[in-house]
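Structural overview for review
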Amino acid sequence: MNQPAIVRLENVTKVYGNKTIGLDHVTTNIHKGEFVFLIGASGAGKSTFLKLLFREEKPTSGKIYVGNKNISLLKAKELNILRKNIGVVFQDFRLLEDRTAYENIAYAMEVLGYSKKDIIDRVPKILKKVGMIHRQDHYPQQLSGGEQQRIAIGRAIINSPKILLADEPSGNVDPSTAVEIMDIFKEINSVGTTIIMATHDRFIVDQLAKRVLELKKGKITRDQEGGRYTYES
Amino acid sequence: MNLKKIGYFINQALKNMARNKVMSISTVLTVSISLFIVGAFIIFILNAGIFIKTQSDKTQLSVFVDTNYTEQQALAVEDKLKNIADVESVTYKSKQQAMDEMISKQGGAEQWKQLFGDDNPMPYTFIITGSDNTKLEAISADASKIEGVYKVDFAKDLVNKLTGIVNAVRIGGIVVVIILFLIAIFLISTTIKLSLYAKRKEIQVMKYVGSSNSFIQGPFLTSGMLLGFLGAVVSSVVLALSYKFSMDKATEIQFLNLSFNGLQIALVVVLLLISGIFVGALGSYLSLRKYLEV
Ligand SMILES: Nc1ncnc2c1ncn2[C@@H]1O[C@H](COP(=O)(O)OP(=O)(O)OP(=O)(O)O)[C@@H](O)[C@H]1O
Ligand SMILES: [Mg+2]
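Definitions and limits used
- Residues numbered from 1 in each chain as written.
- Chains lettered and ligands numbered in written order.
- Predicted model: local features only at pLDDT ≥ 70, side-chain atom pairs only at ≥ 80, totals over all residues.
- Heavy atoms only, no water.
- Contact = heavy atoms within 4.5 Å.
- Buried area = accessible area lost by both parts, 1.4 Å probe.
- Salt bridge = Lys/Arg side-chain N within 4 Å of Asp/Glu carboxyl O.
- Polar contact = N/O pair within 3.5 Å; in protein donor to acceptor, adjacent residues only side chain to side chain.
- Helix = DSSP H or I, 4+ residues; strand = E, 2+ residues; numbered from the N terminus.
- Nonpolar A, V, L, I, M, F, W, Y, C, P; charged D, E, K, R; others polar.
- Near = heavy atom within 4 Å.
- Areas by Shrake-Rupley, 256 points an atom, 1.4 Å probe, with all protein chains shown as cover.
- pLDDT = per-residue confidence, 0-100.
- Core = buried A, V, L, I, M, F, W, Y, C linked by side-chain atoms within 4.5 Å.
- Buried < 20%, exposed > 50% of the residue type's maximum accessible area, 1.4 Å probe, protein only.

This paragraph deals with the interface of chain A and chain B. Listed per partner, the contact involves 24 residues of chain A and 18 residues of chain B. Approximately 1,700 Å² of surface area, both sides summed, lies buried where chain A meets chain B, with 58% of it carried by carbon and sulfur atoms. Seen at the junction of chain A and chain B, the total is two salt bridges. We note a salt bridge from Arg99(A) to Glu202(B), for which the minimum N-O separation is 2.9 Å. Our count for the chain A to chain B interface comes out at four residue pairs in polar contact (both at pLDDT 80 or more). Every element with two or more residues in the side of chain A that touches chain B is listed here: helix H2 (76-84), strand S6 (86-90) and helix H3 (101-110) of chain A. Here the side of chain A that touches chain B takes five residues from H2(A), the largest share from any one element. A per-class count over the side of chain A that touches chain B returns 12 nonpolar, four polar and eight charged.

This is how it looks when you write it as structure tokens:
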């Protein structure tokens, strides 16, 4: 691949406070525009991998570069710049229950200091992109898991981030909804956004046939282009 | 930092406070009680200082003659007083003058009449002016030795006594003030902690989307400062009113030599407002540091 690496891990180890190993000497490059699946058994270190990238956790040793910046060296004040360039989506959506779909996205823009005009202009576009414009006035409780996940994805892309991280985004939805959610990710990926997704969803990994990074006890045991969920040679 | 951002912070801060009305109101009240006591204390110390200063600047002392002395005998004492070193002048005050003066200061002519009839219990008095107030102690000592002198009243005794009292109040007061400040800071930080808890989901979202720290913390810092400021405003109003009231009373007792001093109260109010905002900022800062990880 001749694209420059947008994410680079050099010998990264994460040991949690209670001596549990999250990642164990991981080295890998992820290039701009890639779609990468992180797979592996529960506790293999998938979430740890993602958390390290947007600095929810700091590595115990090793270096992590995002867009040529060593993110371990970021000061608290610079952290928000990293996070503005990285969107995050979680299995449990993490929407604000007392705000409508529209307001959830508008809130994220508001706290980033966007002007009212920008917000009014951009929120409907994002809602359209994730196919939720018709439900914009509904509260999370009134929406299905898949619909909530769409809102969460919308919120993650308000800044048009270069990287989108997703931690089991289809973990709480039925298989057909999962396919629809994947279509949104594919579309986001098609305009050049790098996507790194932790998942247990065998069907989706096999169907999309993207790069697969398999983790086992914190180590990368497989790195395969167009890989399938289960290794077959 | 622009106006729009500050407007946003104040707006959010007011929402935080409205969300937790009971806690906010009790915090404001506690802060205002604390600051009221602080202000009253400062005013007391200031005025006690002024009072002591005017007393110690006095170059006079009063000599009271034994009450069983006749006027003739008393006047003989006067000559001896004049011979003391550093005495500049000696003024004679008859029993009647002494009585009249006291009644004009304190009133109660009727009661005196009832108690003593036509007798005058006041002693013959001499007012001695020294050449300067450092000599008064020596003059007082010499005057006390003269036969027929019953008592020498010397402002310095009063000054010393008062200074002792004021010092005790000052030390006790400073301890109380520190405790009150700590309580106010603790309460504000608790209030902020509760709003942080109430808004933990929003804070999480702000972090994930990459809000700047100032955007996340600003509303909470503003809440704390607003709580402290409101407490200061309440205490200032109450303090100014009670100051006015007690100074009006004090003016009636002329002896105290105090009067309403607009500059004094203005200074104290400014000090309270600054303290209120500072206490609020510190209280919320402590909570933010403790409960808001980035
Ligand atoms: N905050 C933490 N403190 C201590 N240990 C942790 C923490 N977070 C994760 N771990 C441990 O680190 C290891 C890797 O966890 P991680 O969450 O990355 O796994 P995962 O691959 O995402 O698993 P799952 O598929 O269940 O989500 C596990 O053993 C886990 O118990
Ligand atoms: Mg996980």
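After presenting the structure, the write-up continues.
Attention now goes to the site of ligand 1. Residues and elements named next belong to chain A. Taken together, 15 residues surround ligand 1, and among them Ser42, Lys46, Ser47, Thr48 and His200 come closest. One of the backbone N or O atoms of Gly43 is found 2.8 Å from an oxygen atom in ligand 1. Coverage of ligand 1 by the protein chains reaches 67% of its 630 Å² of free accessible surface. Looking at the shell around ligand 1, the element that brings in the most residues is helix H1 (residues 46-53), giving three residues. In terms of residue class, the shell around ligand 1 is made up of four nonpolar, nine polar and two charged.

Further remarks concern the confidence of the model for chain B. Here chain B shows a mean pLDDT of 85. Residues at 70 or above account for 94%. In the predicted assembly, ipTM is 0.88 and pTM is 0.77.

Before going further, it helps to spend a moment on the nonpolar core. Residue and element names in this part refer to chain A. Among the nonpolar cores identified, the biggest contains 80 residues, and Phe37, Ile151, Ile153, Ile158, Leu164, Phe185 and Met197 are the most heavily contacted of them. Contacts of Ile151, omitting those with residues within four sequence positions, involve Leu95, Ala101, Asn104, Ile105, Leu127, Met132 and Leu143. With 31 residues, the next largest nonpolar core counts Val7, Leu38, Val66 and Ala198 among its residues.

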